[in-house]
Amino acid sequence: MSNPSLLILPGDGIGPEVMAEVRKVINWFNKNRDFEFNVSEGLVGGSAYERHGTPLHDDTLAQAQSADAILLGAVGGPKYDHLDFNLKPERGLLRLRKELDLFANLRPAQCFDALSDFSSLKNEIVAGLDILIVRELTSGVYFGEPRGIFEEGNERIGINTQRYTESEIERVARSAFDLAMQRDKKLCSMEKANVMETGILWREVVTRVGDDYPDIDLTHMYADAGAMQLTRWPKQFDVIVTDNLFGDLLSDLAAMLTGSLGMLPSASLGSQMPNGRPKALYEPVHGSAPDIAGTGKSNPIACILSFAMALRYSFNMREDADIIEYAVQSVLADGLRTADLLGQGDLAPISTSEMGDAIIAKLLVS
Ligand code: IPM
Ligand code: MG
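Residues numbered from 1 in each chain as written. Chains lettered and ligands numbered in written order. Predicted model: local features only at pLDDT ≥ 70, side-chain atom pairs only at ≥ 80, totals over all residues. Heavy atoms only, no water.

A word on the sheet that holds strand β9 (residues 217-222). Across the sheet, which stays open at both edges, the 10 strands sit in the order β2-β1-β3-β12-β11-β4-β5-β10-β8-β9 with mixed pairing between neighbours. Edge strands, defined here as strands with exactly one partner in the open sheet, are β2 (38-41) and β9. Averaged over all adjacent pairs, the angle separating strand axes in this sheet is 20 degrees, with direction ignored. Sitting on the sheet, helix α3 (residues 58-66) touches β1 (5-11), β2, β3 (69-74) and β12 (278-284), and the angle it makes with β1 is about 140 degrees. Lying on the sheet, helix α7 (residues 197-210) is in contact with β5 (130-136), β8 (186-191), β9 and β10 (239-242); it crosses β9 at an angle near 175 degrees. (Pairing = 2+ DSSP bridges. Helix = DSSP H or I, 4+ residues; strand = E, 2+ residues; numbered from the N terminus. Axes fitted to C-alpha atoms, helices over the stretch in contact; angles between N-to-C directions. Contact = heavy atoms within 4.5 Å.)

Turning next to the packing of helix α10 (residues 301-313) against helix α11 (residues 318-333). In the contact formed by α10 and α11, the axes pass within 7 Å of each other and the chain directions differ by 160 degrees. When the interaxial angle is binned, α10 and α11 end up roughly antiparallel. Remark: the crossing between α10 and α11 carries left-handed chirality. In this structure, α10 uses Ile 301, Ile 304, Leu 305, Phe 307, Ala 308, Leu 311 and Arg 312 to contact α11, whose residues at the interface are Arg 318, Asp 320, Ala 321, Asp 322, Ile 324, Glu 325, Val 328 and Leu 332. Residue composition of the contact of α10 with α11, by class: 10 nonpolar, no polar and 5 charged. (Parallel < 35°, antiparallel > 145°, perpendicular 65-115°, else oblique. Left-handed = near helix turned anticlockwise from the far one by under 90°. Nonpolar A, V, L, I, M, F, W, Y, C, P; charged D, E, K, R; others polar.)

What follows covers the site of ligand 1. Around ligand 1, the neighbouring residues are Glu 90, Arg 97, Arg 107, Arg 135, Tyr 142 and Asp 248. Side-chain polar atom of Arg 107 to an oxygen atom of ligand 1: 2.8 Å apart, as the coordinates give it. Tyr 142 has a polar side-chain atom sitting 2.5 Å from an oxygen atom of ligand 1. Protein burial of ligand 1: of its 320 Å² of free accessible surface, 76% is covered by the chains. (Near = heavy atom within 4 Å. Polar contact = N/O pair within 3.5 Å; in protein donor to acceptor, adjacent residues only side chain to side chain. Areas by Shrake-Rupley, 256 points an atom, 1.4 Å probe, with all protein chains shown as cover.)

The complete set of buried residues in helix α12 (residues 352-362) reads Thr 352, Met 355, Gly 356, Ala 358, Ile 359 and Ile 360. On the buried face of α12, the contacting elements are α1 (15-32), α10 and α11. (Buried < 20%, exposed > 50% of the residue type's maximum accessible area, 1.4 Å probe, protein only.)

Further remarks concern the environment of Asp 224. When you line up the elements, Asp 224 lands in helix α8 (residues 223-232). The exposure class assigned to Asp 224 is partly exposed, which follows from its relative accessible area of 46%. Separated by 109 residues in sequence, Asp 224 and Leu 115 have C-alpha atoms that sit 27 Å apart.

What follows is about the pairing of β12. Counting buried positions along β12 gives 7 out of 7 residues, so the element sits mostly inside the fold. Strand direction decides the pairing type here: β3 and β12, joined by 2 bridges, are parallel. If you follow Leu 71 over to β12, its bridge partner there is Tyr 282. Sheet analysis places strand β11 (residues 265-272) next to β12, joined by 6 bridges and oriented antiparallel. In the strand pairing of β12, Ser 266 is matched with Glu 283. In textbook terms, the turn of a hairpin is the stretch between consecutive antiparallel strands, and for β11 and β12 this stretch comprises 5 residues, one of which, Gly 276, has a positive phi near 90 degrees.

Note on pairing: side chains with opposite charge can pair once their charged atoms come close. Scanning all chains against the criterion turns up 22 salt bridges. The partner of Lys 24 in a salt bridge is Asp 357, with the nearest N and O atoms 2.8 Å apart. Here Asp 357 lies in helix α12 and Lys 24 lies in helix α1, a separation of 333 residues in the sequence. On the basis of relative accessible area, Asp 357 is assigned to the partly exposed category, the value being 41%. Of the charged contacts, one joins Asp 68 and Arg 277 as a salt bridge, the two residues approaching to 3.2 Å between their closest N and O atoms. (Salt bridge = Lys/Arg side-chain N within 4 Å of Asp/Glu carboxyl O.)

A turn of α-helix holds 3.6 residues, and therefore any two residues three or four places apart point the same way. Over its 13 residues, α10 runs 18 Å from end to end, which matches the ideal 18 Å to within 8%, given 1.5 Å per residue. Taken across its 13 residues, α10 has 11 buried, putting it largely inside the fold. The complete set of buried residues in α10 reads Ile 301, Ala 302, Cys 303, Ile 304, Leu 305, Ser 306, Phe 307, Ala 308, Met 309, Ala 310 and Leu 311. (Expected span 1.5 Å × (residues − 1).)

A word on unusual backbone geometry. Going from Glu 145 to Pro 146, the amide bond is cis rather than trans, its omega being 0 degrees. Locating Pro 146 in the fold gives a position in strand β6 (residues 144-152). Positive phi, normally seen in glycine, also occurs at Asp 101, with a value near 55 degrees. Relative to the helices and strands, Asp 101 resides in the loop between α4 (89-99) and β4 (104-110). By relative accessible area, Asp 101 is classed as partly exposed at 27%. Unlike most non-glycine residues, Lys 185 shows phi in positive territory, near 60 degrees. Mapped onto the fold, Lys 185 is located in the loop between α6 (166-181) and β8. Classification of Lys 185 by relative accessible area gives partly exposed; the value is 32%.

Grouped together as the largest cluster of nonpolar side chains are 70 residues, with contacts concentrated most on Phe 37, Leu 71, Tyr 282, Phe 307, Leu 311, Ile 324 and Leu 332. Considering every element that reaches this core, the biggest residue donor is α10, with 9 residues. When near neighbours in sequence (up to four residues on either side) are disregarded, Leu 311 contacts Phe 29, Phe 37, Asn 316, Met 317, Asp 320, Ala 321 and Ile 324. By size, the runner-up hydrophobic cluster in this structure holds 18 residues, among which are Cys 188, Ile 240, Ala 254 and Leu 257. (Core = buried A, V, L, I, M, F, W, Y, C linked by side-chain atoms within 4.5 Å.)

Now the structure itself:
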């Protein structure tokens, strides 16, 4: 394989410190494989605002457009609360997703054996859980027009618009069906067809796409009932496909089922580039956790597993992705815990960088 390029955008808060651990993992692969990742680094979010006065500089966007894959840490923090809406750190991330057209957001929620007691739900409900939420990421109420705060009469009104075209629904549905084909062949689509026209259209289009996938067991659920079922018996699900806003909520809920937000990676995939790879950005599901930034308490696992997803989905390095995932399972089985994973009776937590080093020590030279 010719040397693939990786753009690293550490972002804000704990982003840089968890990304530092990913860099160690990348260095390990650069030493132990017969090619090297060409890594470049850029700014996004509040850190980009501080340097350039914008949460995503055009040059960084251009770099992102030409990279083979992007790894992002996290954006945001209370010190940016005062900024104008369009300058807020989150706008940088949303612009990246939109400009690169990363329409399919894969958010796996997997319960690691060593952590099943750590969930707020009973062990038998979450043990062995392995579900995948596919969230539409470039449309819906996040981007629909008209939007804004307007004067009407003697008061102001806030407007956002939920808008989906058939082709937007169809492409994310296809991604979800394709992923379900590689898993347990069950897909549940969630919307609010009882209240929203976009929900009616969503259900129709997903059903029609389903005709091309006769092997998939397709079901539909209202998103509120879906939230309830996810906490009642999450193992009934395999793949869930849903819109941008419902996917934002349901993926946080699913993440917490597994015990820690600090464990979960995500991939945001777009259409194929000329080299056959999908446009892709990988990031942990957790946020920038400014309250613990710089204290060594953050958990680098979600970010390291996001790199594993990059190996799997961008570079077809499935075995190497497996090697990282085994290493993570193995350090957890050894009882190593960062502060967020500490249960009753556990020993003292290890730091962010100790966790990174422990994972690297488990990587197998093969
Ligand atoms: C997420 C986050 C983002 C979102 C924010 C940071 C813009 O919550 O990736 O889930 O709402 O999509
Ligand atoms: Mg979210």
